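Chain and residue survey
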Amino acid sequence: MKDRKTVVAVLDDESKMRSALGRLLKTHGYEVELFETGDAFLKTALTHRPDCMLLDLHMPHTTGFDVLASLSSLHIAVPAIVITGHDEPGNAERVYELGAADYLLKPLDESTLVEAIERVCPNPSQSPN
């Protein structure tokens, strides 16, 4: 199992952003699971947990805040990197209180994003030297 790829769930209601993040992460050696809604992700999280997730904060119906709160109440530990294009005062503090591992602003810088993922869920196929 040493060649297992890190699984990153991408939750974003914008299909272009979801697809772009998926392609980018695959080029960095991650296995990617794409979700359009928080509800779709939460349904699978009960039985299948990714190694970490990229979580859009502002989605219709079930927001990123809701996803974080649900994971916490269900005692499901999935490191979350919250991404948003609509930063507002108090958002970062609130997501950290809800258990997020990081908070990044769109547009995302590729190296910043990859570093954040490596920080919260290092790729198990990369062996330390």
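Preceding this paragraph is the structure being described.
Residues numbered from 1 in each chain as written. Predicted model: local features only at pLDDT ≥ 70, side-chain atom pairs only at ≥ 80, totals over all residues. Heavy atoms only, no water.

Structural notes on the overall build of the protein
Selection rule: Strands here mean DSSP runs of E at least two residues long; helices mean DSSP runs of H or I at least four residues long; both are numbered from the N terminus. As a reference, a globule follows 2.2 Å times the number of residues to the power 0.38, and the radius of gyration itself is taken over C-alpha atoms. The classification of residues rests on relative accessible area computed with a 1.4 Å probe and restricted to protein chains. Under 20% of the type maximum is buried, over 50% is exposed, and intermediate values are partly exposed.
Counting its regular elements, the protein contains five helices and five strands. Secondary structure elements in the protein, listed N-terminal to C-terminal, are β-α-β-α-β-α-β-α-β-α. The C-alpha radius of gyration of the protein comes to 14 Å, within 12% of the 14 Å expected for a compact globule of 129 residues. Considering only C-alpha atoms, the protein reaches an extent of 40 × 30 × 25 Å along its principal axes. The 129 residues of the protein split such that 43% are buried.

Describing the packing of aromatic side chains
Spelled out, the test is: Stacked, edge-to-face and tilted are the three classes for Phe, Tyr and Trp ring pairs, Trp counted by its six-membered ring, which pair at centre distances within 6.5 Å; planes under 30 degrees apart are stacked, over 60 edge-to-face, the rest tilted.
Going through the model one piece at a time under the given rule, you end up with one aromatic pair. Centroid distance F35 to F41: 5.4 Å. Interplanar angle 85 degrees. Geometry classified as edge-to-face. Among the residues examined, F35 registers a relative accessible area of 10% and is labelled buried. Residue F41 is classed as buried on the basis of its relative accessible area, which comes to 1%.

Such coordinate-based values are descriptive only and should not be taken to indicate function.
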